[in-house]
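Spelled out, the chains give:
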Amino acid sequence: MAPPSGHCLLLVSTLGILALGSFTKGQKNSTLIFTKENTIRNCSCSADIRDCDYSLANLVCSCETVLPLSVQQPSYHGHLTIWFTDTSALGLLLNFTLVQDLKLSLCSTNTLPPEYLAIWGLKRLRINAEAKHPLAEQSLLIHNGDSESKEKPVSLHKDWPACMYISFLDMALFNRESSLKSYSIANIASVTNNFPYFPYLKTVPILSNKSYVVTFIY
């Protein structure tokens, strides 16, 4: 699934509209999306829900069943949590979307294939694979305003749109009992030329006077 022409501008505009709407509401709810028995549930929750507790989510949150195509959107504002059991549904929800604060919870013991998801503007990632491994939730800060190096979170330049930052998430990380890691490379003028093994990136635009920050999460 590749981004259409002008996708970057659309992402930034949509995010601004959503942010304004959230500010006027007063109470900030988080978004929870999960798949259950071949259905997709989109929920708005005012409190944290225990991972993979579908009954509690349906009881406490305001949820609705949505069609696979209708759940796709260019960006998610605020905190987004996704409970998933396979990579196909997760790719439909996340590939080439703008998400700044994301939590992924694996709710099955399935072995995931070595596939990559491309996410724009990701600042913070949390993962939970308790259903597969007895490990505590892990958290990773990818972008902040304090540092810029290959080992530490990359500085998020104030004059750069969030979609100048692209993260590749290796889904096979959920199969391993190891710490969550990331590696960022700044000043990438062309994602296509520098990463030829990602053919679905061929339509990512080359932006004049700007460069990408590419992060690999594994």
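Note that the structure is predicted; figures quoted are calculated from it, not measured.

Chemist: Mind showing me how you'd approach the overall build of the protein here?
Modeler: If you tally the helices and strands in the protein, you get four helices and 13 strands. In the protein, which comprises 218 residues, the share counted as buried stands at 47%. Counting contacts in the protein only where the partners sit at least 6 residues apart, residues at least 24 apart contribute 59% of the total. Element-wise, carbon and sulfur atoms account for 54% of the exposed surface of the protein, whose accessible area totals about 11,300 Å².

Chemist: Hey, could you run me through the packing of aromatic side chains in this one?
Modeler: Two aromatic rings, taken as a pair, are described by how far apart their centres are and by the angle between their planes. One pass over the full model with this rule turns up seven aromatic pairs. Each ring, one from Phe168 and one from Phe216, has its centre 5.3 Å from the other, and the planes form 25 degrees; the classification is stacked. Placement of the pair is Phe168 in strand S11 (residues 165–170) and Phe216 in strand S13 (residues 212–217), with a sequence separation of 48 residues. Here Phe168 matches Phe216 in class, with each residue buried. Among the aromatic residues, ring-to-ring pairing joins Phe34, Tyr54 and Trp83 into one connected group.

Chemist: What is the right way to read the side chain of Ser30 from this model?
Modeler: Structurally, the position occupied by Ser30 is in strand S1 (residues 30–36). With a relative accessible area of 17%, Ser30 lands in the buried category. Those residues within four positions of Ser30 in sequence are excluded, and the remaining contacts are Cys43, Ser44, Cys45 and His79.

Chemist: Which parts of the structure should I look at to understand the confidence of the model for the protein?
Modeler: Should the pLDDT be low somewhere, the predicted coordinates at that spot are not to be read in detail. The share of residues in the protein with pLDDT of 70 or more is 68%, and the mean pLDDT across the chain is 77. Note that residues 8–26 has pLDDT below 50 and, in this model, 21 contacts with residues that lie over four places away or in other chains. Confidence over residues 145–160 falls short of pLDDT 50; this stretch has 35 contacts with residues more than four positions distant or in other chains.

Chemist: Can you help me understand the state of the cysteines in this one?
Modeler: Here a disulfide denotes one covalent bond, and it connects the sulfur atoms of two cysteines. Applying the stated criterion across every chain, the model contains three disulfides. Here Cys43 pairs with Cys63 through a disulfide, and the sulfurs are 2.1 Å apart. Judged by the torsion about the S-S bond (110 degrees), the Cys43/Cys63 disulfide is right-handed. Of this pair, Cys43 sits in strand S2 (residues 39–45) while Cys63 is found in strand S3 (residues 62–66), placing the two residues 20 residues apart along the sequence. Judged by relative accessible area, Cys43 falls into the buried class, the value being 2%.

Chemist: Please explain the nonpolar core as it appears in this structure.
Modeler: Looking at soluble globular proteins, one finds that nonpolar side chains tend to be buried together. Residues Leu94, Leu104, Leu125 and Phe174 are the most contacted members of the largest nonpolar core, which totals 29 residues. Contributions of two or more residues to this core are made by strand S4 (75–84), helix H3 (87–94), strand S5 (97–106), strand S6 (116–120) and strand S7 (124–128). Not counting the four nearest positions on each side in its chain, Leu94 is found in contact with Leu80, Ile82, Val99, Leu102, Leu104, Leu117, Ala118 and Ile119. The next biggest cluster of nonpolar side chains, apart from the first, holds eleven residues, and it includes Ala118, Ile166, Phe168 and Phe195.

Reading the values: the criteria
- Residues numbered from 1 in each chain as written.
- Predicted model: local features only at pLDDT ≥ 70, side-chain atom pairs only at ≥ 80, totals over all residues.
- Heavy atoms only, no water.
- Helix = DSSP H or I, 4+ residues; strand = E, 2+ residues; numbered from the N terminus.
- Buried < 20%, exposed > 50% of the residue type's maximum accessible area, 1.4 Å probe, protein only.
- Contact = heavy atoms within 4.5 Å.
- Areas by Shrake-Rupley, 256 points an atom, 1.4 Å probe, with all protein chains shown as cover.
- Phe/Tyr/Trp six-rings, centres within 6.5 Å; stacked < 30°, edge-to-face > 60°.
- pLDDT = per-residue confidence, 0-100.
- Disulfide = S-S within 2.5 Å.
- Core = buried A, V, L, I, M, F, W, Y, C linked by side-chain atoms within 4.5 Å.

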